[in-house]
Amino acid sequence: MTLAFDPLSLIPPAGHFIDGAYVQDAPRLEVRAPSSGQVIGHIPVADAAMVDRAVAAARRALAATGWATLHPRDRLRALHAWADLIEAEAPALARLEAVCSSRPVAQVAAGDVPVTAEQIRFFAEFADKEGGDLVPTGAGSLGFVAAEPYGVVGAIAPWNFPISMAGWKLAPALAAGNAVVLKPSEMTPWSTLYMAELSVRAGIPAGLVNVVLGDGPITGAAISGHPGIDKVSFTGSTRAGAAIMENIARTGIKPMTLELGGKSPMLVFDDADIDLTADCLERGILPNAGQFCVAGSRIIVQRGIADALAARLADRFARPRPAPTWAESPGFSPIISEPQLRRIDGIVQAARAKGGEILCGGTRFDHGGSFYRPTLIGGVSAGNPAVTEEIFGPVATFQTFDTEEEGLALAQHPTYGLCAGLFTRDLSRALRLTRRLEAGTVWVNRYGRSRDHILPTGGWKASGLGKDLGREAFAANRRTKSVLIDI
């Protein structure tokens, strides 16, 4: 069976998914295929009334099904059945995602879908294994901390990994006993809608997974400011995260998890394995055309191996060739939209104007669709826009240093602190610098997450609040209650 397909042959679901059924609404926004620039469909924009309808459905489902107080094994079984169905429907999910996103269809089917199913199973296992705590008190009393779900979680997901990000939001919230109202990106809505449909088919009660379509200013604001939503989870840009925080503070205090922007350093010492390091640096910026928050976009190399490593990277950056996301053989991913491509190129040209040297790339591909060449920029100062701004594209800066302290100073970013990569054979240096790097995650002699979901992810500084994945993500979907009983 081939995974290649004609994108215009797809007929995506129409409307929102609320209370287990599709809800028709007037189409207002175009959905384009970034591989070609074609308009391939339209979606509605959920206003405050539609979001209210979804929240009401979630609350009814919680009350009618007793999902929060259901035997934990029953929640676990329902989530496992959902994961099984997601895996079985991998070709359909992959097509729905690839047609409007930057993700090649084969990579979604072979990678994103099974990893998301694994994540759902991972969080399902917490349902009957994580509880409260009995705490030491005086002989005449009994004290314990009870953990309970929040109720309705409002989730807002980005466009870059639609299936994966939906799994990040839905799986821990449902496992902890909550219902969810989720807004996917208006640019990549369809695979998330189908995941919601599959949840009902798998036996998760209707109304526990609701998907409303729309943009940030209308639909996202309605979710974050809704009085019936008990907790908000968001992944996206720092600017959008700040707007969500402001809206929550203005409309009512509630907890939030925010995974935001990054400008992650790749700190390379001259004792590093140069071939392994080149592999990691390539994987840290070129997949998905650099459109992922943990992209290692600041390459910082000790002077002894700088020239050799720069030559290797320039050769690797010149190899990718663009291809439509629905091509049978995966090619280099498109930029999600023309406005985003123009923004990337604007930063590259501003970096050049500020003294940066384009070592390779620096222009769009001569190809239909929104494709940008992998770009490496040398000769940049700390204040260069390519160093200070999150580009969210296949663009990395290349800086050099002599001493450990100089390298560390370059690695610390004044704004972001999401991830960092560290490459050295010196174990003492690795342990020393993992303590000093200002980032929520540090990878040593590798770059990127593994398929082991126990490690949480989340940033410091303007890169966010709270954690996704790991035990911490499950705990973030529950609130605690202290109880003291005289006996």
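Calculation rules
Residues numbered from 1 in each chain as written. Predicted model: local features only at pLDDT ≥ 70, side-chain atom pairs only at ≥ 80, totals over all residues. Heavy atoms only, no water. Phe/Tyr/Trp six-rings, centres within 6.5 Å; stacked < 30°, edge-to-face > 60°. Buried < 20%, exposed > 50% of the residue type's maximum accessible area, 1.4 Å probe, protein only. Helix = DSSP H or I, 4+ residues; strand = E, 2+ residues; numbered from the N terminus. Lys NZ or Arg CZ within 6 Å of the ring centre and 35° of its normal. UniProt positions renumbered as here; feature names shortened; annotations may be inferred. Core = buried A, V, L, I, M, F, W, Y, C linked by side-chain atoms within 4.5 Å. Domains from an automatic or database assignment. Contact = heavy atoms within 4.5 Å. Buried area = accessible area lost by both parts, 1.4 Å probe. Salt bridge = Lys/Arg side-chain N within 4 Å of Asp/Glu carboxyl O. Patch = residues over 30% accessible without salt bridge, like charges linked within 9 Å, V, L, I, M, F, W, Y side chains within 5 Å. Areas by Shrake-Rupley, 256 points an atom, 1.4 Å probe, with all protein chains shown as cover.

### Things to note about the packing of aromatic side chains
Inference 1: Per the counting criterion, the structure on display carries nine aromatic pairs.
Inference 2: Between Phe123 and Phe126 the ring centres are 6.2 Å apart and the planes differ by 35 degrees, which places this aromatic pair in the tilted class. An identical accessibility class is assigned to Phe123 and Phe126; each is buried.
Inference 3: Centre to centre, the rings of Trp159 and Phe392 are 5.5 Å apart; their planes meet at 85 degrees, and the pair counts as edge-to-face. Placement of the pair is Trp159 in the loop between β7 (152–156) and α5 (162–175) and Phe392 in the loop between α12 (385–388) and β16 (395–401), with a sequence separation of 233 residues. Across the pair, Phe392 and Trp159 agree in class, each one buried.
Inference 4: In this structure an aromatic cluster arises from ring pairing among Phe122, Phe123, Phe126 and Phe474.
Inference 5: A cation sits over an aromatic face here: Arg429 above Phe269, 4.1 Å from the ring centre.

### Brief notes about the UniProt feature "domain: Aldehyde dehydrogenase" (unreviewed entry) in the chain
Inference 1: The feature "domain: Aldehyde dehydrogenase" (unreviewed entry), as given by UniProt, occupies residues 27–483 in the numbering adopted here.
Inference 2: Counting secondary structure, residues 27–483 comes out at 40% helix and 20% strand; the distance between its end C-alpha atoms is 50 Å.

### A short note on unusual backbone geometry
Inference 1: Although it is not a glycine, Asp19 adopts a positive phi angle of roughly 55 degrees.
Inference 2: Positionally, Asp19 belongs in the loop between β1 (16–18) and β2 (21–23).

### Focus: the nonpolar core
Inference 1: Grouped together as the largest cluster of nonpolar side chains are 137 residues, with contacts concentrated most on Trp82, Phe123, Leu174, Trp190 and Ile299.
Inference 2: A domain split of this core shows at least three residues from each of domain 1 (16–260 + 464–486) and domain 2 (265–444).
Inference 3: In this structure, Trp82 is in contact with Ile120, Leu170, Leu174, Met195, Leu198, Ser199, Ala202 and Ile204, ignoring residues within four places of it in sequence.
Inference 4: Within the second largest apolar cluster, 12 residues are counted, among which are Phe269, Leu408, Ala430 and Ala439.

### Observations regarding the domain arrangement of the chain
Where interface size is quoted, it is often the accessible area lost as the parts come together.
Inference 1: Taken domain by domain, the chain consists of domain 1 (16–260 + 464–486) and domain 2 (265–444).
Inference 2: Distance between the C-alpha centres of domain 1 and domain 2: 31 Å.
Inference 3: Around 1,800 Å² of area is buried between domain 1 and domain 2 when both sides are counted, 62% of it from carbon and sulfur atoms.
Inference 4: For the interface between domain 1 and domain 2, the tally reads zero salt bridges.

### Looking at a nonpolar patch on the surface
Inference 1: Side chains of Leu134, Leu142, Ile485 and Ile487 sit close together on the surface and give an oily, nonpolar patch of about 410 Å² of accessible area.
Inference 2: On the secondary structure map, Leu134 appears in strand β5 (residues 133–135).
Inference 3: According to the relative accessible area criterion, Leu134 is exposed, its value standing at 65%.

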